[in-house]
Structure formats: C-alpha cells, structure tokens
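Analysis of the macromolecular model
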Amino acid sequence: SWTNSRNAELKQRAAQVIPGGMYGHESTALLPADFPQFFRRAEGTRLWDADDNEYIDYMCAYGPNLLGYRQPEVDAAVRAQMQLGDTLTGPSEIMVTLAEDMVAMLSPADWAMFCKNGTDATSMATVIARAHTGKRKILVGKGVYHGAAPWCTPGPAGILSEDRGHIVYYRDQDPQSLAEAVAAHAGDIAAVFATPFRHETFRDQSEPDATFAREARRLCDAEGAVLVLDEVRAAFRLSRDGAWAALGVKPDLTSIGKVIGNGQPISALVGLEPLRKAASSVYVTGSFWFSAVPMAAAVATLKIIRESDYLERLQRTGRLLREGLAAQAAAHGFALRQTGPVQMPQILFEDDPEMRLGYFWAAAAVRRGVYLHPYHNMFINAALTETDVAQTLEATDAAFTALKAQDRAGLPLERPVVRDRLERAALLSA
Ligand code: PMP
C-alpha cells in the first residue's frame, strides 16, 4: 500500500540544505501534497519513488525519456563510452558522427552544435541571430517557455527590465499578432522565436498550424530576420524530422533538447547554411558540452529513432490513453479537455476554474500508481505498452470514482498560488 514517509523525511532534510527544499520545474511545490519529490530508480515506463512506490510515469523526466528509462541499446552505448572516457581535453570522434547523423536526419540542419540544456540552445540562438543580422530585437510568444536565462525565465525575481530590454512579445501561434510585432520593430529584428505548437502550462495545447508556420517564415524572409523553432520540448515526439517539415516550413535555427540522449545530458542547436558563418563567429562553450558519454547515448538514440517504429507506438498508446480517458470521464459525468498531439497529452477538466477537480483526480491517480500531471503537458514514451495503458485506465477509473464521491465544494484548493497562475494563463489566452 502507498506510503510517503521516506519522501516526507527527505523533504524535511532538503529544506535545511537546499533553497526552498527544491527549485525549478521538478519542484513539487505547486503540486498536490501527496506527489513524491524524490525518486529512487526507473526502468522502461516505470518509476519508483523514495518510498519504493511504483508508478507508470507520464512525465518522462519532463520529456527526456523517449524510448523508456534505461533503454538497453542506449545503456550499452553509455557503458561502452564510459570505458573509453567521457569529459576529456577535447571531444571524442563521436561528436563528428553525431553531427553527421543530425544533419542527415533533419531537413532544417546543415550543421549542428551541441550543448547541455535547452536553455543553452535557445540562448545560443539569440546570440547567433544577432551576430548574423546585426540587429537587436528578439520576438517571442507571450508566456512561452524558452528556458531559465534572464532573457526568457518566467520568474521575475532577480531579473532586470534591461535583461529583457530587446525582447518583444507577440501572441503565441497568432499570425496577425506576429505581423503587428514585426511591423512595430521593422529594421531592428534579429529573430522570431516560435514553438511547433502551443504547449504551455495551465493552458490547452494546440496542434502544429501551417498558417502560422508559413506566415512566420514569410515575415522573417521579408524582414531578413532569423526564424528560430524551439523544439526543445517536442523534438522527435511528433516526427523523425523537424516538427514543421511536414508543413513545408524550414526554420533557420532549431533548438533541440531533452530527448536526444534519451536522458543523458545533451542538447543541440542546428541550422541552415546561411547561419553557419554567424554560428562560427560567436563564443559559446561549457566545461561539459563536449563530454563523449551523452554523445554516445545520442548516437544510439538517433539510430533507434531512424530504425524502429517508436513514433508509431507513441501515437498508438497515446491515442488509446486519450480515447480511454474520454470515455471514462463521460461515464462518470466529467468532461476533460485533452489537447495537443496524443504523444504529449495535456489533460484539464472542463468547468474547473481553480483546478480543484484536476488536482484531486491527479493525486488520486498518483496514490494508485499512475504519475499524471494536473497542469503541465505530459509525455508518452515508447516503452509504454497497451497493457500499461489498460492498467493506467483502471487507476484513473478509480480516481474518477473517488472524485465523484467527493463533495465538490469541499474539494481542497491545494495551492492558492495556482489560482494566480491560472489567472495569468487566462490573460494570455484572452
Ligand atoms: N524551450 C522549451 C520549449 C522547453 O520546453 C524547455 C524546457 N522545458 C526549454 C526551452 C528549456 O530547456 P532546459 O530546461 O533543458 O534548459
């Protein structure tokens, strides 16, 4: 049976020696109180917390787990490279192989650079775009997450208005709003940032939109601005190529993160030929950017992406989950808003302005061995089977039953701060 005493003890110890007890996107501060903060191990689609409770995991480390935790071929590549060396005085030859693989696989890649986190890649894109154009303004969708550097972090603490002095906001995925922002800053625009589809916290997701993608490309071409597609979250979950390749749109720069090493720390910025000179001119680096083990993991991951049916499996299990949940919710008298691509599920309750339903339901699922998220998009991994989805649906059915038995007015508002977040998200959608 489910207990969390070890987790509670670790949280108390952490509060003494780690600011806030935990920080960043994996902090459970805004999640229902029962969500475990600390984990012990993982395998395939499963995760065990510090109390050894087992979960079918729908967060996938917030993305990086694409093929299953400890995927055997990737693990073997990691172990083999560890025997040779990891962080050396220069890169291993595997860096060249990895760059060749990326260029061969991705239509918007004539070259590739590697770094550690998504923020490295998006920040590098701003520098390369400014070096290329000699211009200042960076256009980004309002409320869109591009990382935690001062130019893009959502948190205001410690950030100066000067840090964002040349960041201009347009309404995400809205061609009209982008056109207006471009017109307002014409002549001084270095880059337009976009994501393949809307995937922000607390909001419904969208699907990739050809009208927006083509208009972004057209506006950038007319203005001489660099189009940056931030695929840190979505790369290789929608397509084996870039996410906008199917729409016929090639971004100048594409930031890729999370999944490339199936959990090993590596991200990338790839780009088209005209950006190569600027990319060669900027000074960007890091002590661990050239480590060989994550690159070996990436070469193994990309091989599986090319040669297996992982993508079709993500689509199939993602669809099964979505259809199962929709039927279940209806049977229990609830309406869910399940949005975005099925392999990246976002599940919000209809008529749940303070998220009381979503919070209660997700917490009930967690206590039944299914790790769901009440307001962040989730991720399907290729180790998830139809049997796992069936087991998930048993837990969620019980969670719906528990929710229905609750007096709605008596449902706790788990975190008052969530209300602020929801109001901010509502303002962005208005
Ligand atoms: N861009 C997008 C679209 C992201 O989703 C993220 C991470 N969630 C980032 C950038 C930043 O990546 P990282 O956390 O690896 O720095």
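Because the structure is predicted, anything quoted here is derived from the model rather than measured.

Thoughts on the overall build of the protein
Scanning the protein from terminus to terminus reveals 12 helices and 13 strands. Expected size for 430 residues packed as a compact globule is a radius of gyration near 22 Å; at 22 Å, the protein falls within 12% of this value. Its C-alpha atoms give the protein principal-axis dimensions of roughly 60 × 55 × 45 Å. Evaluated residue by residue, the protein yields a buried proportion of 46% over its 430 residues.

So, the site of the ligand
Every residue close to the ligand is listed here: N117, G118, T119, T122, Y145, H146, G147, T195, D230, V232, R233 and G257. For the shell around the ligand, the class distribution of residues is two nonpolar, eight polar and two charged.

Examining unusual backbone geometry
Look at Q173: it is not a glycine, yet its phi comes out positive at around 65 degrees. The phi torsion at N262 lies on the positive side, around 45 degrees, for a residue other than glycine.

Notes on the sheet that holds strand β3 (residues 54-57)
Strands sit in the order β1-β2-β3-β13 across an open sheet of four strands; the sheet is mixed. This sheet does not close on itself; its edge strands, each paired only once, are β1 (39-43) and β13 (370-371). Here two bridges tie β3 to β13, and the two strands are oriented parallel to one another. Bridge pairing in β13 places D57 opposite Y371.

Topic: the confidence of the model for the protein
Where the model shows low pLDDT, its predicted coordinates should not be examined in detail. Here the protein averages 95 in pLDDT, and 97% of its residues register 70 or above. Both scores are given for the predicted complex: the pTM is 0.96, the ipTM 0.99.

Quick look at the nonpolar core
A191, V192, V226, V228, A268 and A296 are the most contacted members of the largest nonpolar core, which totals 117 residues. It is helix α8 (residues 292-307) that contributes the most residues to this core, 10 residues altogether. Setting aside residues up to four positions removed in sequence, A268 forms contacts with M102, A112, M113, F114, A121, I256 and I260.

Conventions adopted
Residue numbers here run from 1 along each chain, matching the order of that chain's written sequence. At least 70 in pLDDT is required for a residue's local features to be given in this predicted model, at least 80 for side-chain atom pairs to be given and counted, and no such filter applies to totals for whole chains, interfaces and linings, which use all residues. Helix numbering and strand numbering both begin at the N terminus, where a helix is a DSSP run of H or I of at least 4 residues and a strand a DSSP run of E of at least 2. Throughout, radius of gyration means the C-alpha value; the globule benchmark is 2.2 Å times the number of residues raised to the power 0.38. Exposure classification rests on a simple neighbour count of other C-beta atoms within 10 Å of a residue's own: a residue reaching 20 or more is buried, one at 12 or fewer is exposed, and one in between is partly exposed. C-beta atoms are placed from the backbone. Each residue receives a C-beta atom placed from its backbone. It is near a molecule or strand if this atom lies within 6 Å of it. Polar here means any residue outside two lists: the nonpolar Ala, Val, Leu, Ile, Met, Phe, Trp, Tyr, Cys and Pro, and the charged Asp, Glu, Lys and Arg; Gly therefore counts as polar. For two strands to pair, DSSP has to find at least two bridges joining them. pLDDT is a per-residue confidence score from the predictor, ranging from 0 to 100. To form a nonpolar core, buried Ala, Val, Leu, Ile, Met, Phe, Trp, Tyr and Cys residues must be joined through C-beta atoms within 7 Å. Any residue pair is listed as a contact if its two C-beta atoms, each placed from the backbone, are within 7 Å.

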